[in-house]
Amino acid sequence: MFKVLVIHGPNLNLLGKREPEIYGKTTLEEINSMLRELASELGVYIELIQSNHEGEIVTKIQEAIGKFDGILINPAAYTHTSIAIRDAIISTSIPTVEVHISNIYRREEFRRRSFISDVAVGVVSGFGKESYLLGLRGLVNYLKEKQSA
Ligand code: CA2
């Protein structure tokens, strides 16, 4: 059974509680429930964490070596700033999918640069809570294809 680590970055604990016009009305707990449901449908094990701290995210990625087959991450604002998270993803070589609720390419200029995208196996951006589900499906599909290659 594939094991997937889901990482929600800073401020995503506020989902559904602030700025619903950009990030929707769904709470993080509701997104996690949807992910758990899809994971059981796909037959994969998932673990979900949220952190507001860059270093903690780096440590969780490092600790995923040997424990997880894939990582699904919304790095939130760290997407646009964190070489540390990028380096952690590269160093673990664990296939990683980047997801965003909003379409970062149709927002402010500073959100159009991601330090994660070119080290990810794929990116899903702009589909609201659905981005997470599409991202998990894409990641599991990638892991299956890699296994049978
Ligand atoms: O669209 C996304 O998923 C983002 O990763 C969300 C980040 C933002 O910095 C990225 O550019 C795009 C922000 C997450 C903050 O979430 C909030 C939720 C509710 C209220 C305030 C912030």
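For the structure, check the block above.
Reading the values: the criteria
- Every chain is numbered on its own, with residues counted from 1 as its sequence reads.
- In keeping with the model being predicted, local features are shown solely for residues with a pLDDT of at least 70 and side-chain atom pairs are shown and tallied solely at 80 or more, while totals for entire chains, interfaces and linings include all residues.
- With hydrogens and water stripped out, all remaining heavy atoms of the structure feed into the side-chain values.
- Orientation is described by axes fitted as lines to C-alpha atoms, over the contacting stretch for helices, and by angles from 0 to 180 degrees between their N-to-C directions.
- Helix numbering and strand numbering both begin at the N terminus, where a helix is a DSSP run of H or I of at least 4 residues and a strand a DSSP run of E of at least 2.
- When describing relative orientation, an angle under 35 degrees is termed roughly parallel and one over 145 degrees roughly antiparallel, while 65 to 115 degrees is termed roughly perpendicular and anything else oblique.
- Crossing handedness is defined as follows: a turn of the near helix away from the far one that is anticlockwise and smaller than a right angle gives a left-handed crossing, while the clockwise case is right-handed.
- Note on contacts: a residue pair is in contact if any heavy atoms of the two residues lie within 4.5 Å.
- All amino acids are sorted into three groups, where Ala, Val, Leu, Ile, Met, Phe, Trp, Tyr, Cys and Pro are nonpolar, Asp, Glu, Lys and Arg are charged, and the leftover types, Gly among them, are polar.
- Note on pairing: DSSP must find at least two bridges between two strands before they are called paired.
- Throughout, the term near means that a residue has one or more heavy atoms lying within 4 Å of the molecule or strand in question.
- Polar contact is the term for a pair of N or O atoms within 3.5 Å; when the atoms are in protein, one must be able to donate a hydrogen and the other to accept it, and sequence-neighboring residues count only if both atoms are side-chain atoms.
- Areas reported as accessible are Shrake-Rupley estimates using a 1.4 Å probe. Residue values count occlusion only from the protein chains shown.

### Some points on the packing of helix α2 (residues 28-42) against helix α5 (residues 130-147)
Link 1 in the chain: Taken N-terminus to C-terminus, the directions of α2 and α5 make an angle of 30°; their axes are 10 Å apart at the nearest point. Taken together, α2 and α5 sit at an angle that is classed as roughly parallel. As for the relative orientation of α2 and α5, their crossing is right-handed in sense. Packed against α2, whose contacting residues are Ile31, Met34, Leu35, Leu38, Ala39, Glu41 and Leu42, the element α5 presents Tyr132, Leu133, Leu136, Arg137 and Val140 at the interface.
Link 2 in the chain: Each residue belonging to the contact of α2 with α5 can be placed in one class, and the counts come to ten nonpolar, no polar and two charged.

### What to know about the sheet that holds strand β5 (residues 122-125)
Link 1 in the chain: Read from one edge to the other, the open sheet built from five strands follows the order β2-β1-β3-β4-β5, with strand pairing classed as parallel. Every other strand in the sheet has two partners, leaving β2 (45-50) and β5 as the edge strands with one partner each. Geometrically, the sheet is characterised by an average inter-axis angle of 15° between neighbouring strands, direction not taken into account.
Link 2 in the chain: Note that strand β4 (residues 96-100) and β5 share four bridges and pair parallel. Residue Val97 lies in a different strand from β5, and its bridge partner there is Gly122.
Link 3 in the chain: Sitting on the sheet, α5 touches β1 (3-8), β2, β3 (70-74), β4 and β5, and the angle it makes with β3 is about 160°.

### A few points about the site of the ligand
Link 1 in the chain: Taken together, 17 residues are adjacent to the ligand, and Asn74, His80, Ile101, Ser102 and Arg111 come closest.
Link 2 in the chain: At 2.7 Å, a side-chain N or O of His80 approaches an oxygen atom of the ligand.
Link 3 in the chain: At 2.9 Å from an oxygen atom of the ligand is found a side-chain nitrogen or oxygen belonging to Arg111.
Link 4 in the chain: Relative to its unbound accessible surface of 510 Å², the ligand loses 95% to contact with the protein.
Link 5 in the chain: Of the residues assigned to the shell around the ligand, the class counts are nine nonpolar, five polar and three charged.

Everything listed is a geometric property; what it means functionally is a separate question.
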